[in-house]
Amino acid sequence: MSGLVRFGVSIDGQLAKKFDSLIAKKGYGSRSEAIRDMIRDSLVDQEWEAESQETVGTITIVYNHHTRELEHALTDMQHKSFHQIISTLHVHLDAHNCLEVLVVKGKSREIKRIADRLIGTRGVKHGKLTMTTTGRELV
Ligand code: NI
């Protein structure tokens, strides 16, 4: 269906109050825009559940580059997944710590596997996979 669709939502008064306070904090101009974003977020979650659908994400990792063999292990893993890792940003945070952001594209199960391996590598202090979307299925 295309074009604008209007629908009414009946919810508990307390819940509506909490919702209005939440969206005000987040800076939404209207309930409609907040609800549209929530729907899109759920659709992106669904995209990631469909394991064979192509999707996009970023993997962020923080590590100490002095940790023995760590940089070598991380680079080796990234070369093995060169089809999915389409771009990398490296920032030297201080004399010891590095931040890397990897842009990944591919089937969700492949991306999750790459993220788990990188984040689970000994010496990686923190890591996070952000699951977003190619945007093709969203309006
Ligand atoms: Ni560095």
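Note that the coordinates shown come from a computational prediction; the quantities given were computed from them, not determined experimentally.

Asker: Teacher, can you tell me more about the overall build of the protein chain here?
Answerer: When its secondary structure is counted, the protein chain shows four helices and four strands. Listing the helices and strands of the protein chain from first to last along the sequence gives α-α-β-α-β-β-α-β. Relative to the globule expectation of 14 Å for 139 residues, the C-alpha radius of gyration of the protein chain, 20 Å, shows a markedly less compact shape. Considered along the principal axes of its C-alpha atoms, the protein chain spans approximately 60 × 30 × 20 Å. Looking at the protein chain residue by residue over its 139 residues, the buried ones come to 26%. Across the protein chain, every contact between residues at least 6 apart in sequence was considered, and the portion connecting residues at least 24 apart equals 66%. Between the mean site of the 20 positive side-chain charges and the mean site of the 18 negative ones, the protein chain shows a separation of 3 Å.

Asker: Which parts of the structure should I look at to understand the coordination of the nickel ion?
Answerer: His-90 (NE2), His-92 (ND1) and Cys-98 (SG) make up the full set of protein donors to the nickel ion, lying at 2.0 to 2.4 Å. Read from N- to C-terminus, the donor residues coordinating the nickel ion fall into the pattern H-x1-H-x5-C. Since its relative accessible area comes to 29%, His-90 is described here as partly exposed.

Asker: Which parts of the structure should I look at to understand the environment of Ala-24?
Answerer: Examined against the element boundaries, Ala-24 turns out to sit in helix H1 (residues 13–26). Note on Ala-24: relative accessible area 54%, which makes it exposed. Placed 108 residues apart in sequence, Ala-24 and Thr-132 show a C-alpha to C-alpha distance of 24 Å.

Asker: Sorry, what's going on with the sheet that holds strand S1 (residues 54–64) here?
Answerer: Strand pairs in the sheet, formed through backbone hydrogen bonds, run parallel or antiparallel to each other. The four strands lie next to each other as S2-S3-S1-S4, forming an open sheet whose pairing is antiparallel. Edge positions in the open sheet fall to strand S2 (85–92) and strand S4 (124–131), since each of these has one partner strand only. With strand direction ignored, the average angle separating the axes of adjacent strands in the sheet is 15°. As defined by bridge partners, S2 adjoins strand S3 (residues 97–107) across seven bridges and the pair is classed as antiparallel. Each residue of the ladder has a partner; that of Val-91, found in S3, is Leu-99.

Asker: Would you take a moment to explain the pattern of salt bridges for this structure?
Answerer: Where charged atoms from two side chains of opposite charge approach closely, those side chains can pair. The final tally for this structure, using the stated rule, is six salt bridges. The partner of Arg-31 in a salt bridge is Asp-20, with the nearest N and O atoms 2.7 Å apart. Of this pair, Arg-31 sits in helix H2 (residues 31–49) while Asp-20 sits in helix H1, and the two are eleven residues apart along the sequence. Arg-40 serves as the salt-bridge partner of Asp-37, at 2.6 Å between the closest nitrogen and oxygen.

Asker: Hey, could you run me through the nonpolar core in this one?
Answerer: It is characteristic of soluble globular proteins that their nonpolar side chains tend to be buried jointly. By size, the foremost hydrophobic cluster in this structure holds 17 residues, and its most contacted members are Ile-59, Ile-61, Tyr-63, Leu-74, Leu-118, Val-124 and Leu-129. Breaking this core down by element, the ones donating at least two residues are H2, S1, helix H3 (70–80), S3, helix H4 (108–119) and S4. With four residues, H4 is the largest single contributor of residues to this core.

Asker: Got a minute to help me understand the pairing of S1 in this structure?
Answerer: Within a regular strand, side chains alternate between the sheet's two faces. Relative to S3, S1 is paired through eleven bridges, and the arrangement is antiparallel. Looking at the pairing, Thr-58 lines up with Val-103 of S3. Alignment of S1 against S4, held across seven bridges, turns out to be antiparallel. Within S4, the residue paired with Thr-60 across the bridge is Lys-128.

Parameters and conventions
- Residues numbered from 1 in each chain as written.
- Predicted model: local features only at pLDDT ≥ 70, side-chain atom pairs only at ≥ 80, totals over all residues.
- Heavy atoms only, no water.
- Helix = DSSP H or I, 4+ residues; strand = E, 2+ residues; numbered from the N terminus.
- Rg over C-alpha atoms; globule rule 2.2 N^0.38 Å.
- Buried < 20%, exposed > 50% of the residue type's maximum accessible area, 1.4 Å probe, protein only.
- Contact = heavy atoms within 4.5 Å.
- Lys, Arg positive; Asp, Glu negative; His and termini not counted.
- Charge placed at Lys NZ, Arg CZ, Asp CG, Glu CD.
- Donors = N, O, S within 2.8 Å, 3.2 Å for Na, K, Ca; no water.
- Pairing = 2+ DSSP bridges.
- Axes fitted to C-alpha atoms, helices over the stretch in contact; angles between N-to-C directions.
- Salt bridge = Lys/Arg side-chain N within 4 Å of Asp/Glu carboxyl O.
- Core = buried A, V, L, I, M, F, W, Y, C linked by side-chain atoms within 4.5 Å.

Take it as geometry only, folks, not as evidence of what the structure does.
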